[in-house]
Protein chains: 2
Amino acid sequence: MYRNRTCGELTMSHVGQEVLLSGWVQRQRIMGGMTFIDLRDRYGITQLVFNMETDAALCEKANNLGREFVIQVSGKVAERINKNKNIPTGDIEIIVSSLTILNESEVPPFLIESDTDGSEELRLTYRYLDIRRPELRDRLVKRALIIRAVREYLDSKDFLEVETPNLIKSTPEGARDFLVPSRLVHGSFYALPQSPQILKQLLMVAGMDRYYQIVKCFRDEDFRGDRQPEFSQIDCEMSFVHQEDIFETFGGMVQHVFKKILNYELSEIPRLKYDDALRLYGSDKPDLRFACPIVELNATLPKSEFGVFNNAIAGGGLVAGLNAKGCATYTRKQFDELTEFVKASHRGLGGLVNIRFNEDGTVKSSVDKFYTEEQLREIGQAFGAEKGDLLLIAADKTSKVRKSLGDLRLELAKRNNWIKPGTWSVLWVVDFPLFEKDEESGEITFAHHPFCSPHPEDLQYFDTEPTRVRAQTYDMVMNGNEILSGSIRIHQRDIQEKVFKNLGLSEEEREKKFGFLLTAFKYGAPPHGGCAFGLDRLVMLMAGGETIRDVIAFPKTSGGRDLMMDAPTPVEKKQLDELGIALNNE
Amino acid sequence: MYRNRTCGELTMSHVGQEVLLSGWVQRQRIMGGMTFIDLRDRYGITQLVFNMETDAALCEKANNLGREFVIQVSGKVAERINKNKNIPTGDIEIIVSSLTILNESEVPPFLIESDTDGSEELRLTYRYLDIRRPELRDRLVKRALIIRAVREYLDSKDFLEVETPNLIKSTPEGARDFLVPSRLVHGSFYALPQSPQILKQLLMVAGMDRYYQIVKCFRDEDFRGDRQPEFSQIDCEMSFVHQEDIFETFGGMVQHVFKKILNYELSEIPRLKYDDALRLYGSDKPDLRFACPIVELNATLPKSEFGVFNNAIAGGGLVAGLNAKGCATYTRKQFDELTEFVKASHRGLGGLVNIRFNEDGTVKSSVDKFYTEEQLREIGQAFGAEKGDLLLIAADKTSKVRKSLGDLRLELAKRNNWIKPGTWSVLWVVDFPLFEKDEESGEITFAHHPFCSPHPEDLQYFDTEPTRVRAQTYDMVMNGNEILSGSIRIHQRDIQEKVFKNLGLSEEEREKKFGFLLTAFKYGAPPHGGCAFGLDRLVMLMAGGETIRDVIAFPKTSGGRDLMMDAPTPVEKKQLDELGIALNNE
C-alpha cells in the first residue's frame, strides 16, 4: 500500500492517528534542527515535520530531498503550533517516522507554483508539470465536476448518451473538414466530424427521442482568436419539441450546473430577439452585466446643418450613440483613444461626436458649431443623460454603427470597471434570420446551418424575400460569449430540399452530400430540435482562465501544434504508400 | 406541446385521464367498425382505439395511416377488455378524440419488427430504421445505462474524467495509425490515438491521481473477426497503486455494474495465472462457465509402443486431453468432425486419440493396438473418467496441443450445451510474460505494450533470460472474452529505457517516438497503473448481440465502410491540394 490518506483530508479530528501518505515535495524549509516539507497531491498539501534531535538520519534524508521528488511517508498526525488558516489541512502536521523516495526529480524547467516563471510555450511543452500547478489542476477538476453535473441533469431527464462515429463522410458544413485517408479504399477519405449534427438528427429519426453526448468536434480552420482544431461540445437533441421545450430544458440545465458548481442561483433566463440585440447592443452576443444600450437618434435628432448626421440619415444609415455614465471628465487623450478604437479598420467609423454633461451644469460638445446647448440637452434626453455623463455618437451605415458601438460599449465597461466580479449575464438570443445575404457577392447563405427550421409564419417569404424568413434558431449567451447554439430542425423532406435549393445546391450535390439525410426524412422523421454547448468556453467562464487552452488538459497552440508530443510530424514513406498518397512537390 | 405522456408509462392508475401522445404507427388493425393502432416511441407501445360509430371521419383518418407515420393523438385512457400481459401498458388503451399527422412515411425497406426480413447490409444502410426495432433500441439504451453505472462508480471513487486529444503524434504502438494530414504544416501528419495510453500516464505524472475517460480509439488494422476501425474504451489510470488496488477497484466496478444493470450479484473475482490458464484451458481468456480442463499426461502415461505419444514427449512436446463428459456415445461421424476441427490449418494437429468409457463398463479406444484396457483405465483415472465419458487426447508441440484442446473445449461446450444461459464467468488472468519471442524471427517483442512494469523479483532475468520476466499485467476475462487489459506501468526512466532497448529501439528511435515520455519521467513520475475496458464487448456480453456491431449506433462493415453515410468517399482535388497531398498513381 502506498497510502491510506490523501494530502487534502487530515484535520484536527485525526490528531494522534498513524497515517501513510504519498505525494510530491512542494517546498522544504530547514530551520535549525527542524525540517518542514509541504507534501502535495491532487487533494491538497500536508506539512511534514522532521526533527534532527529525534532522528538525525531521517532528518538528513529529508534535507536531501529536492523539489518534485515523489515520496512516501508514515507518521503521526499532530496539532500544529503555527496554524495555516488558508488550507484545509492547516491545523495539523505529520511527525514523520519513515520516509521512502519513490522517484527522484530533476529541477523542473519552471516554478511549479501559482506565480510561475514559465512562458506559455515552455509550460505547454511540459504540460504535465504545468498541470501540477494549483490553477490548472483546479480548472481540470472543475471541468470534470461541471461535466458530471451536466450528465446528472440530462440523465435525470431521460436523455441517452449515444456515441456517434468519428470517421464519417466529408460533407463540408461551412468549415473545412479534417480528412483521414482510407488504406483499404485508396483514393477515398473519411472526414472527422465538425459536429455530430446529421448523426444526432438521424438518431431522432431512429426514435431515440432524447440524445446527448459530450463529444470532440474537429474543424480545420485558420486559427483566429481562441480556437482549437479539436474542441468539445455538449451535444443534445430532442424529439417532439418546440422552442419552448428547449428553453425550459437547457435553461434548467444551466441553472442546475450553476447551483451545483458555483452554488449560484441563476434566475430564469431572459430572451432577447436577434433584431433587438443588434439594435440595442450592436452584437448577437451582448454582455448584459452592465446596461449602456445603444440609443438610436434618427427619429429624434433636432434640426441642424450638421452634414455627417444628415447625410447618414438621408443615405439610409444610422445615427446612434452610447451614454458613458460618469465619463464627462474624460481627457482629450482618453477621448482620442476611443475615437481611434472605433476608427480601427475592422470597425471603420469616421469618428465620434461627443457631448459632455459637465458637473457644473454646462453642456459641451464637439459639434457646438451645429447644435445649440438647448438642442444638445434635447439629444441628452434620449439617453437619460445626467450631470457627469458623456455621450458618444456615431453616424454611418447601420451595420457599421451598431458593430462599432457594440464594441465601444464593451471597451467602456472594461475601462470603467462596470462589470462587478461574480455577476452573471445569461440570456437566450432568439429569432435569428434563416438566410443571410453576403454583402459582397449578394449570394444567399445560411445564417447557422442548413438544417434549421424556418418560422412557420415566415414560410410565405421563402421564395420572394428569403432574408426576411426567421429561423427557429437560438443561442445562449453568457457574459458576452455564445456558449450554446441550436435550433428546431427541419423534419420535412420538401422543406429541407427547398432550403438546399435556396442555398444554390444542385440536385446532384444535394444527393451526393445529404442524400442519406433526405432519404431518412422519407420514413417518418419526427419533429425535433436541439443544441450544442461549447464546453470549453462554458468551463472557461465557470472555472476561470484567459483562453480555452487554460481549461483543456493537452491543448494545441494557435498554430495547431502540440508542443508536448511534438505533433504533427512527418511520417515514414511506407505509411503514405500504404495509404496510396504522396506529398505534393511544392 | 407535442405530448404530455410517453407511450411506455400509462397504466390502470391513469384510467380516465386525458392525455396527449406522439409516436410512430407500429401496427394497425381494422376490425369491423373499430380500428386499433399500436403507437410506438422509445419508451413503449400504447394501443389507440378509433370507433366508426363515434366518429367516422376520425376513424377513416386512422384507417388511412401507414406504417411508420408519425402522429399525435389526444384522448382518454381507458381500461382494455383484452389485456396484454406482455407489455407494461397492456392494461389500457386510448380512446382517441383527435389525430394529427406530423409526418408521413413511405413503406420502409424492411419490416421494423423483432423478426425482420432485412439483410444486415440493408439494415446498415437504413440504420436509423433498424434502431427503431426493439432489439437494437434496447441494446443502445442498455449501453447508455451501463456507461452511466460505470461513471457513477468511478465518480464515487474520486476518478476525474479528463479528455485527451484525438489529433496526436504518430507513435505506432503495435497496430497501424490512422493519419490526418496537416494543412498548416504540409508534409506533416497527426495520428488518431490507438489509445490514450501515454497521455493518461502523463496525467499521472501531472498529479491527476485518478483518471478515466470513455473514449474512442482508432486502429487501422485489417479487419479480422469482430473488429471496428474505431471502438470505445473505458480508459482508467491510478497513481500510488499496486496490482491489488487495481483488482479491488475494477473488480468492484464490474460488481457494481452487474448489480445495477442485471441485478446480478457477482462474487469476488477469482484470479488465474497466465501459465495456468494456458496449461489448463489452452487460452489466456478461458471461459470457465464450464469445467473440462486440459489434463496433461506426459508424466503419467503408461508404457507403450505408441509412437505418436512417445515421440511428442521425447521431442519436448505435450500429450494431453479433455474429458468430454457423457460423450462416449458419439458416432463415428461426430468424432470425425472433432478430428477435422483440430486438424484445421490454424490449429494443425495431426489427429485425436479417443478413449470411450462405455455405459456397459467396457473401455474402447482408437489405440487399442497399443494400450491394454487396464492401461486405458489408468489413463482414465487422470481425467476422473466415469461410465459414459469420452476422452480426446492429442500429442504434438506444447503450444499447438494447448491451443487446439482449448478450442476443442469450447467446441464441445457448444455442441453439448454445457453453458447454462444466465451464468457468468468473470476472472482475472495475471502474471503475463513481459516479453515474447517471435517463433519465426526469434525477435523479442513486448507481450502487451512497452509500458508494462516487470515484476520486481524478475528484474534479475532482464538481460539474461528476458522471456522469463513476468509483467505486472492483467486481463479481465468475461465468458471467454478479454474485456479488460491493464498493467502497473513503468515509472522509472532507467527501466523504461532498458525495455525500449530490449525491444531493439535505437537511441534515436526512442527519442523520436517516446522522448516526451522519457523526459516526463525525469520530473517525479509517481508509481501508477491502470487498465482499459473494451466497452463495446462488455456491452455486447451484458446487453446481447452477436457482434459488437449490434451494440454500436452507427458501426462500419467488416470492410471499414459506413453504408448509411457512404464513407469513405473520394474528395475534391482542391481539398487534397490544400493538404499538400496527392493520390498515388497505381
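Chains are numbered independently. Their residues run from 1 in the order of the written sequence. The naming scheme follows written order: chains are lettered A onward, ligands numbered 1 onward. The model is predicted, so local features are restricted to residues of pLDDT at least 70 and side-chain atom pairs to those at 80 or more, both for listing and for counting; the totals for chains, interfaces and linings are taken over all residues. Side-chain descriptors were evaluated using all non-hydrogen atoms of the structure, hydrogens and water having been removed beforehand.

**With respect to the overall build of chain A**
Okay, step 1: Runs of E in the DSSP output that reach at least two residues are strands. Runs of H or I that reach at least four are helices, and both are numbered from the N terminus. Helices and strands together make up the secondary structure of chain A, namely 15 helices and 23 strands.
Okay, step 2: Structurally, chain A occupies a C-alpha span of about 90 × 75 × 55 Å along its principal axes.
Okay, step 3: When the 586 residues of chain A are sorted by exposure, 58% land in the buried category.
Okay, step 4: Put simply, of all contacts in chain A between residues at least 6 apart along the chain, 66% involve residues at least 24 apart.
Okay, step 5: Computed by Shrake-Rupley with a 1.4 Å probe, the accessible areas treat only the displayed protein chains as cover when residues are assessed. Roughly 24200 Å² of accessible area belongs to chain A as shown, and the carbon and sulfur atoms make up 47% of that amount.
Okay, step 6: Each charge class in chain A can be summarised by its mean position, and for the 75 positive and 88 negative side chains these summaries are 1 Å apart. A 1.4 Å probe rolled over the protein chains alone gives each residue an accessible area, and that area as a share of the maximum for its type sets the label: buried under 20%, exposed over 50%, partly exposed in between. Only heavy atoms enter the contact rule, under which two residues are in contact if any of them lie within 4.5 Å. When charges are counted, Lys and Arg contribute as positive and Asp and Glu as negative, whereas His and the chain ends are disregarded. One atom stands in for each charge, and that atom is NZ of Lys, CZ of Arg, CG of Asp or CD of Glu.

**Overview of the domain arrangement of chain A**
Okay, step 1: What the domain assignment reports for chain A is domain 1 (12–103) and domain 2 (290–418).
Okay, step 2: With centres defined by C-alpha atoms, the gap from domain 1 of chain A to domain 2 of chain A works out at 62 Å. Boundaries between domains were set according to an automatic or database domain assignment.

**Regarding the sheet that holds strand β4 (residues 70–79) of chain A**
Residues and elements named next belong to chain A.
Okay, step 1: Any two strands with at least two DSSP bridges between them are considered paired. The 5 strands lie next to each other as β1-β2-β3-β5-β4, forming a closed barrel whose pairing is mixed. Averaged over all adjacent pairs, the angle separating strand axes in this sheet is 55°, with direction ignored.
Okay, step 2: The pairing of strand β2 (residues 34–41) with strand β3 (residues 44–51) spans 8 bridges and is classified as antiparallel. Paired with leucine 39 across the strands is threonine 46, a residue of β3. For helices, the fitted line uses only the C-alpha atoms of the stretch in contact; every axis is such a line through C-alpha atoms, and the angle between N-to-C directions lies from 0 to 180 degrees.

**Structural notes on the relation of the copies chain B and chain A**
Okay, step 1: Laying chain B over chain A is done by rotating through 180° and shifting 0.0 Å along the axis; what remains is an RMSD of 0.1 Å. Put plainly, the chains are arranged around a two-fold axis.
Okay, step 2: Interface overlap between copies is the fraction of interface residues in one copy that are interface residues in the other; for chain B against chain A it reaches 100%, indicating a shared surface. The least-squares superposition of copies is restricted to C-alpha atoms, and to residues with a pLDDT of at least 70 in both copies.

**Some thoughts on the interface of chain B and chain A**
Okay, step 1: Taken together, the contacts link 121 residues of chain B with 121 residues of chain A.
Okay, step 2: Here's the idea: put two parts together, see how much 1.4 Å probe accessible area each one loses, and the total over both is what we call buried area. When chain B packs against chain A, the two sides together hide about 11000 Å² of surface, and 58% of this comes from carbon and sulfur.
Okay, step 3: Interface area lost by chain B to chain A is led by Glu163, Phe240 and Tyr523 of chain B, which between them contribute 7%.
Okay, step 4: Think of a salt bridge as a Lys or Arg side-chain nitrogen and an Asp or Glu carboxyl oxygen that are within 4 Å of each other. Counting every contact that joins chain B to chain A gives 14 salt bridges.
Okay, step 5: Here glutamate 578 of chain B ties to arginine 176 of chain A by a salt bridge, and the two come within 3.1 Å at their closest N and O atoms.

**Here we look at helix α13 (residues 507–520) of chain B**
Okay, step 1: Under the 1.5 Å per step criterion, the end-to-end length of α13 of chain B is only 17 Å for 14 residues, more than 12% shorter than the ideal 20 Å.
Okay, step 2: Most pronounced at phenylalanine 514 of chain B, the bend in α13 of chain B amounts to some 85°.
Okay, step 3: Within α13 of chain B, the full set of buried residues consists of Arg510, Phe514, Gly515, Phe516, Leu517, Leu518, Thr519 and Ala520 of chain B.
Okay, step 4: On its buried face, α13 of chain B sits against α3 (127–130) of chain A together with α5 (197–205) and α12 (493–502) of chain B. Expected span of a helix: the number of residues minus one, times 1.5 Å. In this scheme, the bend at a residue equals the angle between the axes fitted to the seven residues that finish there and the seven that begin there.

**Focus: the side chain of glutamine 233 of chain B**
Residue and element names in this part refer to chain B.
Okay, step 1: On the secondary structure map, glutamine 233 appears in strand β10 (residues 230–239).
Okay, step 2: Glutamine 233 gets classed as buried once you look at its relative accessible area, which sits at 8%.
Okay, step 3: Separated by 3.2 Å, the side chains of glutamine 233 and aspartate 235 make a polar contact.
Okay, step 4: Look past the residues within four positions of glutamine 233 in its chain and what remains in contact with it is Gln194, Ser195, Pro196, Gln213, Ile214, Val215, Cys217, Arg219, Ala532, Phe533 and Leu535. Whenever a nitrogen or oxygen atom comes within 3.5 Å of another N or O atom, the pair is scored as a polar contact, on the condition that within protein one atom can donate a hydrogen and the other can accept it, and that pairs from neighbouring residues in sequence are kept only if both atoms are in side chains.

**A closer look at the pattern of salt bridges**
Okay, step 1: Going through the model one piece at a time under the given rule, you end up with 106 salt bridges over all chains.
Okay, step 2: Where glutamate 79 of chain B meets lysine 83 of chain B, a salt bridge forms, and the shortest distance between an N and an O atom there is 2.6 Å.
Okay, step 3: Take lysine 83 of chain B: its relative accessible area is 34%, and that puts it in the partly exposed class.
Okay, step 4: Connected through salt bridges with shared partners, the residues Arg27, Arg29, Asp38, Arg67 and Glu113 of chain A form a single ionic network.

**So, the pairing of strand β14 (residues 353–357) of chain B**
Residues and elements named next belong to chain B.
Okay, step 1: Counting buried residues along β14, 4 of its 5 residues qualify, which places the element largely inside the surrounding structure.
Okay, step 2: Where β14 lies against strand β16 (residues 390–396), 4 bridges are found, and the strand directions are antiparallel. Bridge pairing in β16 links valine 353 to isoleucine 393.
Okay, step 3: Here β14 pairs with strand β15 (residues 363–365) via 3 bridges, running antiparallel. Across the sheet, arginine 356 pairs through a bridge with lysine 364, a residue of β15.
Okay, step 4: Following β14, the chain reverses through 5 residues before pairing antiparallel with β15; glycine 361 in that reversal takes a positive phi of roughly 95°.

**Structural notes on the side chain of arginine 151 of chain B**
Okay, step 1: Mapping arginine 151 of chain B onto the fold places it in helix α4 (residues 134–156).
Okay, step 2: Within the local environment of arginine 151 of chain B, its side chain forms a polar contact with the side chain of glutamate 161 of chain B, the two groups lying 3.2 Å apart.
Okay, step 3: In this view, arginine 151 of chain B contacts Arg151 and Glu161 of chain A together with Glu161, Tyr212 and Ile214 of chain B; residues no more than four positions away in its chain are not counted.

**Here we look at the packing of aromatic side chains**
Okay, step 1: Classification of ring pairs rests on two measures: the distance between centres of Phe, Tyr or Trp rings, Trp counted by its six-membered ring, which must be within 6.5 Å, and the angle between planes, read as stacked under 30 degrees, edge-to-face over 60 and tilted in between. Counted by the stated rule, this structure contains 46 aromatic pairs over all chains.
Okay, step 2: Note on tyrosine 523 of chain A and tyrosine 126 of chain B: the rings are 5.9 Å apart at their centroids and 90° apart in plane angle, and the pair reads as edge-to-face. Here tyrosine 523 of chain A, found in the loop between α13 (507–520) and β22 (528–534), pairs with tyrosine 126 of chain B, found in the loop between α2 (120–125) and α3 (127–130), and the two come from separate chains.
Okay, step 3: Seen in terms of ring centroids, phenylalanine 451 of chain B and phenylalanine 514 of chain B are 5.7 Å apart; in terms of plane orientation they differ by 80°. Their pairing is edge-to-face. One end of the pair, phenylalanine 451 of chain B, is in the loop between β19 (444–446) and β20 (473–478); the other, phenylalanine 514 of chain B, is in helix α13, with 63 residues separating them in the sequence.

**Thoughts on the sheet that holds strand β2 (residues 34–41) of chain B**
Okay, step 1: On the basis of which strands lie adjacent, the closed barrel formed by 5 strands has the order β1-β2-β3-β5-β4 (chain B) and mixed pairing. For this sheet the average axis-to-axis angle between neighbouring strands, irrespective of direction, equals 55°.

**Regarding the confidence of the model for chain A**
Okay, step 1: The quantity known as pLDDT measures the predictor's confidence residue by residue, on a range of 0 to 100. Within chain A, residue pLDDT values average 95, and 99% of them lie at 70 or more.
Okay, step 2: Across the assembled chains, the prediction reports ipTM 0.95 with pTM 0.96.

**Overview of empty space enclosed by the protein**
Okay, step 1: Site definitions follow a grid-based scheme: protein atoms alone, a 1 Å grid, a 1.4 Å probe that fits but cannot get out for cavities, and for pockets an open set with protein on both sides within 12 Å along at least five of seven lines, plus lining residues having an atom within 4 Å of a point. Grid points are joined across faces, edges and corners, and a volume is the space filled by probe spheres set on the points. Evaluation of the coordinates by the stated rule reveals 17 cavities of 30 Å³ or more.
Okay, step 2: Here the largest cavity defines a volume of roughly 320 Å³.
Okay, step 3: If you go around the largest cavity, you meet 20 residues; those closest to its centre are Ile214 and Val215 of chain A together with Ile214, Val215 and Lys216 of chain B.
Okay, step 4: Polarity classes work like this: nonpolar for Ala, Val, Leu, Ile, Met, Phe, Trp, Tyr, Cys and Pro, charged for Asp, Glu, Lys and Arg, and polar for all others, with Gly in that last group. Tallied by class, the residues present in the lining of the largest cavity amount to 4 nonpolar, 8 polar and 8 charged.

**Some thoughts on unusual backbone geometry**
All names here are of chain A.
Okay, step 1: Going from alanine 567 to proline 568, the amide bond is cis rather than trans, its omega being 0°.
Okay, step 2: Positive phi values are uncommon outside glycine, yet aspartate 209 reaches one of about 70°.
Okay, step 3: For aspartate 209, the location among the structural elements is in the loop between α5 (197–205) and β9 (210–218).
Okay, step 4: We classify aspartate 209 as buried; its relative accessible area is 1%.

**What to know about helix α6 (residues 243–262) of chain B**
All names here are of chain B.
Okay, step 1: The end-to-end C-alpha distance of α6 is 27 Å, a good match for the 28 Å that 20 residues give at a rise of 1.5 Å each.
Okay, step 2: Every buried residue of α6 is accounted for by Gln243, Ile246, Phe247, Thr249, Phe250, Gly251, Gly252, Met253, Val254, Val257, Phe258 and Ile261.
Okay, step 3: Phi for asparagine 263, located one or two positions after α6, is positive at around 50°.

**Side note on the environment of phenylalanine 231 of chain B**
Residues and elements named next belong to chain B.
Okay, step 1: Along the chain, phenylalanine 231 turns up in strand β10.
Okay, step 2: In the structure, phenylalanine 231 is positioned 15 residues away from lysine 216 in sequence and 5.5 Å away in space, judged by C-alpha atoms.
Okay, step 3: Apart from the residues within four sequence positions on either side, phenylalanine 231 is in contact with Gln194, Val215, Lys216, Cys217, Phe218, Arg219 and Asp536.

**Describing the pairing of strand β5 (residues 92–103) of chain B**
Residue and element names in this part refer to chain B.
Okay, step 1: Sheet analysis places strand β3 (residues 44–51) next to β5, joined by 2 bridges and oriented parallel. The partner of leucine 48 across the bridge, within β5, is isoleucine 94.
Okay, step 2: Here 10 bridges tie strand β4 (residues 70–79) to β5, and the two strands are oriented antiparallel to one another. Directly across from valine 70, in β5, lies its bridge partner asparagine 103.

**A few points about the packing of helix α4 (residues 134–156) of chain A against helix α6 (residues 243–262) of chain A**
Residue and element names in this part refer to chain A.
Okay, step 1: Contact geometry for α4 and α6: axes closest at 9 Å, N-to-C directions at 135°. Between α4 and α6, the angle falls in the class oblique. As α4 packs across α6, the resulting crossing turns out to be right-handed. Contact residues: Lys142, Leu145, Ile146, Ala149, Val150, Glu152, Tyr153 and Leu154 in α4; Glu248, Thr249, Phe250, Gly252, Met253, His256, Val257, Lys260, Ile261 and Leu262 in α6. Note that the term roughly parallel is reserved for angles under 35 degrees, roughly antiparallel for angles over 145, roughly perpendicular for angles of 65 to 115, and oblique for everything else. By definition, turning the near helix anticlockwise from the far helix through less than a right angle yields a left-handed crossing, and turning it clockwise yields a right-handed one.

**What to know about the environment of phenylalanine 516 of chain B**
Okay, step 1: With respect to the helices and strands, phenylalanine 516 of chain B occurs in helix α13.
Okay, step 2: In this structure, the C-alpha to C-alpha distance between phenylalanine 516 of chain B and glutamate 163 of chain B, residues 353 residues apart in sequence, is 19 Å.
Okay, step 3: Setting aside residues up to four positions removed in sequence, phenylalanine 516 of chain B forms contacts with Tyr128, Met564 and Met565 of chain A together with Lys169, Ile198 and Leu202 of chain B.

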